[in-house]
Structures are given as structure tokens and as C-alpha cells.
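# Close look at the chain arrangement
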Number of protein chains: 2
Amino acid sequence: MASGSESGTGRVTLTDVARLAGVSRSAASFALNGRTDLRISEETVARVRDAAEELGYSPNTTAKTLRTGRSGTVALVSDFIGTTSFANSMVRGALQALRDADALLYTVETEGDRAAEARVLQNLLNRDVDGFIYASMFTRRVEVPAVIERAPVVLLNCVSPDDSVPAVVPDERAAGEAAAAALLNAGHRDRIWFVGTFQAGVTGGAAWHGWSPLALTERLAGIRTALHAAGVELAGTLPIERDWDIANGRASVARLLASSTPSALICVNDAVAVGAYQALQDAGLHVPGDVSVVGFDGSPLTEAVVPTLTSLALPHEELGRVAARMLLEDPSAPRTERIPMPLVAGASIAAPAGIR
Amino acid sequence: MASGSESGTGRVTLTDVARLAGVSRSAASFALNGRTDLRISEETVARVRDAAEELGYSPNTTAKTLRTGRSGTVALVSDFIGTTSFANSMVRGALQALRDADALLYTVETEGDRAAEARVLQNLLNRDVDGFIYASMFTRRVEVPAVIERAPVVLLNCVSPDDSVPAVVPDERAAGEAAAAALLNAGHRDRIWFVGTFQAGVTGGAAWHGWSPLALTERLAGIRTALHAAGVELAGTLPIERDWDIANGRASVARLLASSTPSALICVNDAVAVGAYQALQDAGLHVPGDVSVVGFDGSPLTEAVVPTLTSLALPHEELGRVAARMLLEDPSAPRTERIPMPLVAGASIAAPAGIR
DNA sequence: ATGAAAGCGCTAACAC
DNA sequence: GTGTTAGCGCTTTCAT
């Protein structure tokens, strides 16, 4: 009749612990949380600890969340989880950082549906999530949903229109410079082509949904900057049909080879680079003896071709880790963090054919 | 002084809605949840709905969870999220199924640490998760943590020692049979080798942590069954050093080619198959003219080689989707669901060289 | 130094 | 038909 639910639900509650230790619920709470505001005797603390241990007490997080308004959870909301290993590693990195803070991760995919997105974000808010990691599978500029700003937000692999929201992105521009530098170092000075621009009026295939990927513009800008600094200009850019995949890369490069022979190809991503390998082979040209090739992403494809492809790797894990850390540590600093894209050296770059 | 927190926290609560509609909290609750136990007049329901709408009311899920014990969340606990696209697509499939049930997904990686695993599982339980999807990156037999059984569990890509826990796995055996059948159909009758067994006493490299992958034993069993039924026997199995990657596949096949020429190679996964391609090319042999090749997994690698690789695809999304659905629909049926592995046809199989 | 009591926002008995 | 009330398990203010 009195209070106490010892065997009510089978669940061990703080009340049970307090009763066993012979103290009040609040005393038990203070003891277990190690609070020093109220002074509890050493001996009492020990008694409570023992009681909790004996009963196998584990505090109910839902109740705690209701009371405190903090849940110890973060939501990773992304447009597309995709089929690449991208999201994978980002989640992995985020989990690593969250583990240190003892926080849990909700994973959500919106599939680009703004209405569904709004609903799920509200749902998450109703669960008192402590923050959002708002991710895009393609580096791009996004409109951050208003509702989300009711909790701390960090953008992952995307940036807000006015850069007012903290963001973590790969340093695409520096990667472009590094790609160009690798070729310059090998002695290339002309006939360097870029593969993977979109034709005028086209912003990519179905997967892009009309978004213009910053990866393209920034990588290309970096390449031009580095080349220009060395007094070199790009021989040209090769447009690609819709998606950046192997088949389209092959077709695009095949068209080029019909009329001229490049010294080096900088491909917008690894898949296009693999397509380039195939077109070169079809034309009887060798990598890197006749033509050098560089890719971007650092995907498993780099290991699947002979010779192995040199590529600038997307630091997926690092991106996820930094985003989670920013969210937990100083959610207020509105800065854009650019993570370096390391060069994974393959065997696809050599001195130009002319000077062998 | 009286009740009511209209502008207390800025949050709109059920109390606010009830007050605006001029009804009691419980009446509002019933109206909003569409309960019919207690009869509320149509008109009252409408008034409550309008009030909720006007105030932009969104129910606090934490409070609801505390009260009901059900959270509308599921946890996907996996040993390793890995760098393959495996986890990715499994999560994707699970999310699709969960979306229909309006449930949210926690994603957790244990990294094979049992102690950490126990802690996080308890943590999840403290949050009143409605169920667990316990996944392994390698098809294998697992010891399900005892604590987890306090909530419904479905195993994903793994099975329990006595098959007492509901599980969803790829149908590896049937896939093995399909791989063998593809070769038999093309006319192969002898010199068919399997690539990717482990040497005696070795259970794989670091990634395996001593677990023996069912994928290997089952795929191989299926192959042997299908061949046997056609009166054919495997010429032999080629062991591989540690991990099933490109380099090891290449080395393994190179050793075979030093002493004999196979008619066909069935490789334990796509990476090993890509390595086989490389070794064959090194030996001046062509795929599929001289040697046919089959892989498993259906990874992006199949598209990266020339000719494209025929492979039996792991139905990642389907696995995740079915697991989530089983968990939500009938968590009690202790059955093992085997999901077919579709054959993705490449151009790596042809009639044996002898009968060209 | 300790304990009683309020209340986070919700649901579901129960009495009117 | 509708409203009153008692909690879910926890934290924290306030009085002792």
C-alpha cells in the first residue's frame, strides 16, 4: 500500500536502492551521481553504492531525460545513405567520438524528401536529442531546416548558404592543388586534361537531384590554381554524361582519345578514373607510361586496377569524428572546418611520355 | 500558482492544448490518440485537434515512453561497421522498414569488445528500446549476450548456437550452388578450382578475430553439392593468406598458375576474384576465353574490371529490411530466414578453352 | 547532513 | 460522456 515497487515490474529503481541502503531517494541520487553540492557522508555514499551493486541497479535513462531535458543522444540526419562506403565511415567516425562522451547515435535517412525530413526532425526533437549532425552525401550548399535549429547543429559534408552554421567538409580545393602538384612534380607541363565536368545546363544525373556538387567546382579550382602558379594551363575539361561512374568515364575519355593524346588525366572521382583506364587500354595506351591518371575519393577501386590508382582520399571517418566532436564540445563556434584529403599514392603517375 | 506552464519553457504541452480546447488533459489525450474506449463527442475531438494545430502541439515522446515503456526505437548493434558498403546498405534496408512503422534507429558499433558491448546494451535497455537487431559483418555463429534477451532480438547475418533466436542470413549455400551451376551451364566439367580457403589452423587475418566465417563453409558446401550432382568434382581448393583481399587473391592464384592451368575459378569473394584477374593477366591468360571466373558479394568491384565479373550478390538492403520487419511484426517466431543471393551477370564466364 | 515533496509531460485507471 | 487523479523514475529545491 505504501510506496515501493520492489517486485512490481521486476525493474530495480532508485527507490529500491534507497530503501536497501536505508536512505532517502534524494540522498541515493546524490550519492550515485557524485554530487558535492549537498554533503553526504563518505560512509553513506559507500552504502548506497553497495546497495546499487547488490541489486544490479541501472538508472532509467528515459526518466532522467524527462527530468533534465538532456538525452545523451545525437542524430545523424543524411539525405542519402547511398551505396558507397561514404556514410559508413562517417557514421563510424561519429560513433567513435560519441563513445567517448557516452552518447548514442540515431541514424536517419531523409531520401531528399523535405516533408518527411521535417517530420522526422520534429520526432527527434520530441525525444530531446541533444544535437544534430546534418549530412549530405555530396559536398554541397544546403538550406538547413528551420526546426532543426532548436538544437545545436553541425553540418557534415555540406555548408549553409551564408556559412553561419558550423560545418565540417573535406578540403576539396587543397586536394585539387595536390592532384595538380603530383603531376607537376612528375614533369607534366601540358596536355593535362580534367575529366568530369557537366555540360552546360546539366547538373548531373538522377543521383544529384539537381544539386551542384561543390566537389567539382572546388577540385577544379584547386587544380587550376596550382597549375597556374607553375605557369601551366589545363588543356581542357571533358564533360561527362550524368553520373560520375565507370561507364561514363570510359565513354568520355574515349571521345578525347579519338582526336588527341593527353599527357595526364585528372578525374573527378575514382570511378571515372577507372573508366579512363579502360578507355586508355582500349586505345592501346599504357598507364602511367603513356598517360598518367589521378582520381579523387580514395575508394577501394584504387586497389582494383593495375597499376594502382593515385587518388586524393575523402577522410570519411575523420569528417564524422570531427563533426561529432564539434557538436559535443563547442556547439556555438560557427566555423567551417576543412579536413585535409590525404594523397594515397598508387602507381598511376610517371614522367610524361615525351621525356622518358 | 495554479497548474499550467503555457510560457514556462516555451514548450507547448498537452495541458496547454486541453486548456485552449476547454477540456481535461485526459480528454485531450484520448482525442488526439483517437482512442475509442472512452467516448468523446465528435465535436470535442475536432475542438482538441484545432487547438493542437493552432498551438503547434507536438507530443513529448520522452514522457510518453516513460509512461508506456515503449519508445518506438530499435537498436542496430553490430560488431564492426567496417569499410565495405555492407553495413551501409543493411542500415538502409532497416531504415526503410522502420520508417513504415514510424520507428527510429540507434546505430551502435561494439568493435568486438564484449565488455563495452554489455555496457551499451544496458544503456539501450535503460532507454526502453523496443528491440535489437544484432548484426555481424561476417556471416557466423554468435553467442548472443544474455542481457539483450530482455527485449526482442533478431540476428542479422549471423545465427545463434542452437538456432533458437530469430535470424536473417544470406542463403550462402544456394549461392554456392548457383555459382557452380553457372559454370556447369557454360560447359565446364573439370579443372574447376575454389579460391579462398584458410590453411589448417588459420582462421583468417586480423579482421576475423578468430571467427570462422560461415560464408566460406556454406558457399563451398553449396558448390560441392551442385558439382557432385552433375558428376563433377572440384579440382581443388586454394588456400589464401589471412584476409580475402585483392593482393592475397592474386598471390594465391599465381601459385596455382605456376603448376597448372584451371578451366574456371570460383573465388570466395569479389576482391579475391579481382586478384585472380590480375594473376591471370600476369600469366598471359584471358578471362573468360582461357579461364572463367566467378565471385561472391556483388560489390562495386565487379564493374571495375574488364570483363565485368559475374558474382553472387549479398542482398544487403533486403537483409536489413527483413530483419527490421521481423522485429516489428512477429518478434516471437524463432526462425531463420535465408535471403537469396541474386546472380549479377558479368562477362567473366564462357565455355571452357578446350571446347571453343 | 538529511529527508520530504514537487514536478518533467504523458497515459489510463477510476469516479462523476 | 467528461473530469479527477495517480503514477512512470528520476532530479532538485526547500525545509528540517
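None of the values given here were measured: they were computed from a predicted structure. (Residues numbered from 1 in each chain as written. Chains lettered and ligands numbered in written order. Predicted model: local features only at pLDDT ≥ 70, side-chain atom pairs only at ≥ 80, totals over all residues. Heavy atoms only, no water.)

### Here we look at the overall build of chain A
Looking only at helices and strands, chain A has twelve helices and twelve strands in total. Taking all 356 residues of chain A together, the buried fraction comes to 53%. Partitioning the contacts of chain A with sequence separation of at least 6, the portion at a separation of at least 24 is 70%. For chain A, the computed accessible surface area is about 15400 Å², with 51% contributed by carbon and sulfur atoms. (Helix = DSSP H or I, 4+ residues; strand = E, 2+ residues; numbered from the N terminus. Buried < 20%, exposed > 50% of the residue type's maximum accessible area, 1.4 Å probe, protein only. Contact = heavy atoms within 4.5 Å. Areas by Shrake-Rupley, 256 points an atom, 1.4 Å probe, with all protein chains shown as cover.)

### Quick notes on the pattern of salt bridges
The full count for this structure, using the stated rule, is 30 salt bridges over all chains. As a salt-bridge pair, Arg140(B) and Asp79(B) come within 2.9 Å of each other at their nearest N and O atoms. With a gap of 61 residues between them, Arg140(B) in strand E3 (residues 131-141) and Asp79(B) in the loop between strand E1 (73-78) and helix H5 (86-100) connect regions that are remote in the sequence. Here Arg140(B) and Asp79(B) have matching classes, each one buried. Among the salt bridges present, the one from Arg321(B) reaches Glu317(B), with a minimum N-O distance of 3.7 Å. With a gap of four residues between them, Arg321(B) and Glu317(B) both fall in helix H12 (residues 316-329), about one helical turn apart. Connected through shared salt-bridge partners, Arg92(A), Glu317(A), Glu318(A), Arg321(A) and Glu109(B) make up one network. (Salt bridge = Lys/Arg side-chain N within 4 Å of Asp/Glu carboxyl O.)

### Details of the packing of helix H9 (residues 246-257) of chain B against helix H10 (residues 270-282) of chain B
All names here are of chain B. Here H9 crosses H10 at 45 degrees, and the two axes come no closer than 7 Å. With respect to each other, H9 and H10 are oriented oblique. In this structure, H9 meets H10 at a crossing whose hand is right-handed. Contacts from Ile 246, Gly 249, Arg 250, Val 253, Ala 254 and Leu 257 of H9 reach H10 at Ala 271, Val 272, Val 274, Gly 275, Ala 276, Gln 278, Ala 279, Leu 280 and Asp 282. Looking at the contact of H9 with H10 residue by residue, the classes come out as ten nonpolar, three polar and two charged. (Axes fitted to C-alpha atoms, helices over the stretch in contact; angles between N-to-C directions. Parallel < 35°, antiparallel > 145°, perpendicular 65-115°, else oblique. Left-handed = near helix turned anticlockwise from the far one by under 90°. Nonpolar A, V, L, I, M, F, W, Y, C, P; charged D, E, K, R; others polar.)

### Things to note about the relation of the copies chain A and chain B
In the superposition of chain A on chain B (RMSD 0.0 Å, axial shift 0.0 Å), the rotation amounts to 180 degrees. Both copies are brought into coincidence by an operation consistent with a two-fold rotation axis. Taken together, the interface assignments show that 100% of the residues at the interface of chain A recur at the interface of chain B, consistent with an identical surface on both copies. (Least-squares fit on C-alpha atoms with pLDDT ≥ 70 in both.)

### Quick look at the interface of chain A and chain B
In this assembly, 51 residues from chain A lie in contact with 51 residues from chain B. Both sides of the chain A and chain B interface together cover about 4200 Å² of buried area, and 49% of this is carbon and sulfur. At the boundary of chain A and chain B, one finds four salt bridges. Among the ionic pairs, Arg92(A) bridges to Glu109(B), the shortest N-O distance being 2.9 Å. Applying the counting criterion to the chain A and chain B interface returns 20 residue pairs in polar contact (both at pLDDT 80 or more). Of all elements in the fold, only helix H4 (61-68), helix H5 (86-100), strand E2 (104-109), helix H6 (114-126), helix H9 (246-257), helix H10 (270-282) and helix H11 (301-304) of chain A reach the threshold of two or more residues within the side of chain A that touches chain B. Sorting elements by how many residues they give to the side of chain A that touches chain B places H5(A) first, with eight residues. Considered class by class, the residues forming the side of chain A that touches chain B number 22 nonpolar, 19 polar and ten charged. In the sheet, E2(A) pairs with strand E2 (residues 104-109) of chain B via three bridges, with the strands oriented antiparallel. (Buried area = accessible area lost by both parts, 1.4 Å probe. Polar contact = N/O pair within 3.5 Å; in protein donor to acceptor, adjacent residues only side chain to side chain. Pairing = 2+ DSSP bridges.)

### Describing the side chain of Asn126(B)
Position of Asn126(B) among the secondary structure elements: in helix H6 (residues 114-126). Polar side-chain contacts of Asn126(B) include one of 3.3 Å to the backbone oxygen of Pro59(A). Not counting chain neighbours up to four residues away, the residues in contact with Asn126(B) comprise Arg11(A), Ser58(A), Pro59(A), Asn60(A), Thr61(A) and Thr62(A).

### Quick look at the protein's contact with DNA strand C
Close to DNA strand C lie 28 residues, the nearest being Leu14(B), Arg25(B), Arg35(B), Tyr57(B) and Arg67(B). Taking the atoms of DNA strand C that fall within 4 Å of the protein, sugar and phosphate contribute 49% of them. Contacts to DNA strand C include Ser26(A), whose side-chain N or O atom sits 3.3 Å from a base nitrogen. Elements that contribute at least two residues to the surface near DNA strand C include exactly helix H2 (25-33) and H4 of chain A together with helix H2 (25-33) and helix H4 (61-68) of chain B. (Near = heavy atom within 4 Å.)

### A look at the pairing of strand E3 (residues 131-141) of chain A
Residues and elements named next belong to chain A. Counting buried positions along E3 gives nine out of eleven residues, so the element sits mostly inside the fold. As paired elements, strand E1 (residues 73-78) and E3 share five bridges and run parallel to each other. Within the sheet, the bridge partner assigned to Val 74 lies in E3 and is Gly 131. Where E3 meets strand E4 (residues 153-159), six bridges bridge the pair, whose relative direction is parallel. Bridging across to E4, Arg 141 finds its partner in Val 159.

### Brief notes about the protein's contact with DNA strand D
Taken together, 27 residues form the shell around DNA strand D, and within it Leu14(A), Arg25(A), Arg35(A), Tyr57(A) and Arg67(A) come nearest. At the protein interface, 48% of the atoms of DNA strand D within 4 Å belong to sugar or phosphate. Within the side chain of Ser29(A), a nitrogen or oxygen atom sits 3.0 Å from a phosphate oxygen of DNA strand D. Here a base oxygen of DNA strand D and a side-chain polar atom of Ser26(B) are 2.9 Å apart. Looking at the surface near DNA strand D, the elements that each hand over two or more residues are H2 and H4 of chain A together with H2 and H4 of chain B.

### Describing the confidence of the model for chain A
Counting all residues, the mean pLDDT for chain A is 89, and 90% of those residues have values of 70 or more. Low confidence marks residues 1-8 of chain A, where pLDDT is under 50. Its contacts with residues over four positions away, or in another chain, come to nine contacts. (pLDDT = per-residue confidence, 0-100.)

### Examining the side chain of Asn157(B)
Residue and element names in this part refer to chain B. Within the secondary structure, Asn 157 sits in strand E4 (residues 153-159). Overall, Asn 157 belongs to the buried group, its relative accessible area being 0%. There is a polar contact of 3.0 Å between the side chain of Asn 157 and the backbone oxygen of Ser 136. Of the polar contacts made by the side chain of Asn 157, one reaches the side chain of Thr 139; its length is 3.1 Å. Every residue in contact with Asn 157, bar those within four places of it in the chain, is listed here: Phe 86, Ser 136, Met 137, Phe 138, Thr 139, Arg 140, Val 168, Val 169 and Pro 170.

### Considering the environment of Ala226(A)
Residue and element names in this part refer to chain A. You can see Ala 226 is positioned in helix H8 (residues 214-229). Spatially, the C-alpha atoms of Ala 226 and Val 165 are 29 Å apart, while their sequence positions differ by 61 residues. For Ala 226, the contacting residues outside a window of four places in its chain are Glu 177, Ala 180 and Leu 184.

### A short note on the environment of Pro315(B)
Residue and element names in this part refer to chain B. Its location among the elements puts Pro 315 in the loop between strand E10 (310-313) and H12. A relative accessible area of 11% places Pro 315 in the buried class. Each C-alpha atom, one on Pro 315 and one on Ala 21, is 51 Å from the other, the two residues being 294 residues apart in sequence. Setting aside anything within four residues of it in sequence, one finds Pro 315 in contact with Pro 170, Ile 339, Pro 340 and Met 341.

### Things to note about helix H8 (residues 214-229) of chain B
Residue and element names in this part refer to chain B. The end-to-end C-alpha separation of H8 is 22 Å, in line with the 22 Å expected for 16 residues at 1.5 Å each. Listed as buried for H8 are Leu 214, Ala 215, Leu 216, Glu 218, Arg 219, Leu 220, Gly 222, Ile 223, Ala 226 and Leu 227. In the segment just after H8, Gly 231 is the residue with positive phi, at about 75 degrees. (Expected span 1.5 Å × (residues − 1).)

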